[in-house]
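Residue-level structural notes
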Amino acid sequence: MTRIKKTDKKRALSLIENAQKDLAYTLSLEVHENSSNTIVRNIYECFRMLGEALLIAEGIILEDHIIPLNALMNVRVNTKRPLKTLDNLRRTRNNINYYGYHASAAEARDIIDFAQMCFNPLSKEVKKIIENQNL
């Protein structure tokens, strides 16, 4: 379900800032079999928050996660790995949360690699888009 609401640039920028802080903390965690699910979920949430920030800045409030991730995948930014990987991250996170899947340490390391290559350029571009909007 999608609702249109007043644009909220301040909240959108706050989401970006919190996503950056959360990612920095998550990347500081030691990777092992017991931490892998937490790392995957946290990284997913950081990217979701970036997508939500884009939409909130436009006044769009959503109740699912697919549209914010799709909004991120449509941002024109150069990254070292394809942003389409976000959909795989979403599926892995859903499998963890809803189907009892346990991510391996190797999967967590791959997702960390993706985050390290894509999150900063993407968050900078999202912030730039939001700051340049005439709200």
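Calculation criteria
All chains use their own residue numbering, which begins from 1 and follows the written sequence. Given that the model is predicted, a residue must reach a pLDDT of at least 70 before its local features are reported, and side-chain atom pairs must reach 80 or more before they are shown or counted; all residues, however, enter totals for whole chains, interfaces and linings. The basis for every side-chain value is the complete set of heavy atoms in the structure, and neither hydrogens nor water enter the calculation. Put simply, DSSP marks the helices as runs of H or I at least four residues long and the strands as runs of E at least two long, and each gets a number from the N terminus on. Nitrogen and oxygen atoms within 3.5 Å of one another constitute a polar contact, given that in protein one can donate a hydrogen and the other can accept it, and given that sequence-neighbouring residues count only through two side-chain atoms. The contact definition used throughout considers only heavy atoms, calling two residues in contact when any of these lie within 4.5 Å. All axes are obtained by fitting lines to C-alpha atoms, using only the stretch in contact for helices, and the reported angles, taken between N-to-C directions, cover 0 to 180 degrees. When describing relative orientation, an angle under 35 degrees is termed roughly parallel and one over 145 degrees roughly antiparallel, while 65 to 115 degrees is termed roughly perpendicular and anything else oblique. Side-chain classes follow a simple rule in which Ala, Val, Leu, Ile, Met, Phe, Trp, Tyr, Cys and Pro form the nonpolar group, Asp, Glu, Lys and Arg form the charged group, and the remainder, Gly included, forms the polar group. Note on aromatic pairs: the rings of Phe, Tyr and Trp (six-membered ring only in Trp) are paired at centre separations within 6.5 Å, and the planes decide the class, stacked below 30 degrees, edge-to-face beyond 60, tilted for the rest. Note on exposure labels: buried denotes an accessible area under 20% of the residue type's maximum, exposed denotes more than 50%, and partly exposed covers the range between, all computed with a 1.4 Å probe on protein chains only. Given the number of residues in a helix, its expected span is that number minus one, multiplied by 1.5 Å.

Another aspect to go through is the side chain of Asn 37. Along the polypeptide, Asn 37 turns up in helix α2 (residues 36–57). Engagement of the side chain of Asn 37 in a polar contact is seen with the side chain of His 102, the distance being 3.3 Å. Those residues in contact with Asn 37 that sit more than four places away from it in its chain are Ile 96, Tyr 101, His 102 and Ala 103.

What follows covers the packing of α2 against helix α3 (residues 66–73). The axes of two packed helices give the description: the angle between them and the distance between them. Running from amino to carboxyl end, α2 crosses α3 at an angle of 80°, the nearest separation of the two axes being 8 Å. Judged by the inter-axis angle, α2 sits roughly perpendicular to α3. Along the contact surface, α2 presents Tyr 44, Phe 47, Arg 48, Leu 50, Gly 51, Glu 52, Leu 54 and Leu 55, while α3 presents Ile 67, Pro 68, Leu 69, Ala 71 and Leu 72. Its residues assigned to classes, the contact of α2 with α3 comprises 10 nonpolar, 1 polar and 2 charged.

The next point concerns the environment of Thr 26. Residue placement: Thr 26 occurs in helix α1 (residues 9–27). For the pair Thr 26 and Val 40, spaced 14 residues apart in the sequence, the C-alpha separation amounts to 9.1 Å. Each residue touching Thr 26, except ones within four places of it in the same chain, is listed here: Ile 39, Asn 42 and Ile 43. Within the local environment of Thr 26, its side chain forms a polar contact with the backbone oxygen of Asp 22, the two atoms lying 2.8 Å apart.

Per the counting criterion, the structure on display carries 2 aromatic pairs. Ring geometry for Phe 47 against Phe 114: centres 5.2 Å apart, planes inclined by 35°, an arrangement best described as tilted. In this pair, Phe 47 sits in helix α2 while Phe 114 sits in helix α5 (residues 105–132), placing the two residues 67 residues apart along the sequence. For Phe 114, a relative accessible area of 1% translates into the label buried. Aromatic pair Phe 47 and Phe 119: ring centres 5.3 Å apart, planes at 80°, arrangement edge-to-face. Linking Phe 47 in helix α2 with Phe 119 in helix α5, this pair joins segments that are 72 residues apart in sequence. For Phe 119, a relative accessible area of 1% corresponds to the buried category. Connected via pairs of aromatic rings, a cluster forms that spans Phe 47, Phe 114 and Phe 119.

Here we take up the environment of Asn 97. Tracing the chain through its elements places Asn 97 in helix α4 (residues 85–99). On the basis of relative accessibility, which here comes to 31%, the residue Asn 97 falls in the partly exposed class. Once the C-alpha coordinates of Asn 97 and Lys 80 are considered, the two residues, 17 residues apart in sequence, prove to be 28 Å apart.

Let's shift gears to α2. If you check α2, its first and last C-alpha atoms are 32 Å apart, about what 22 residues at 1.5 Å a residue would give, namely 32 Å. With 18 of 22 residues buried, α2 lies mostly within the body of the structure. Following α2 by one or two positions, Gly 59 adopts a phi angle in the positive range, close to 85°.

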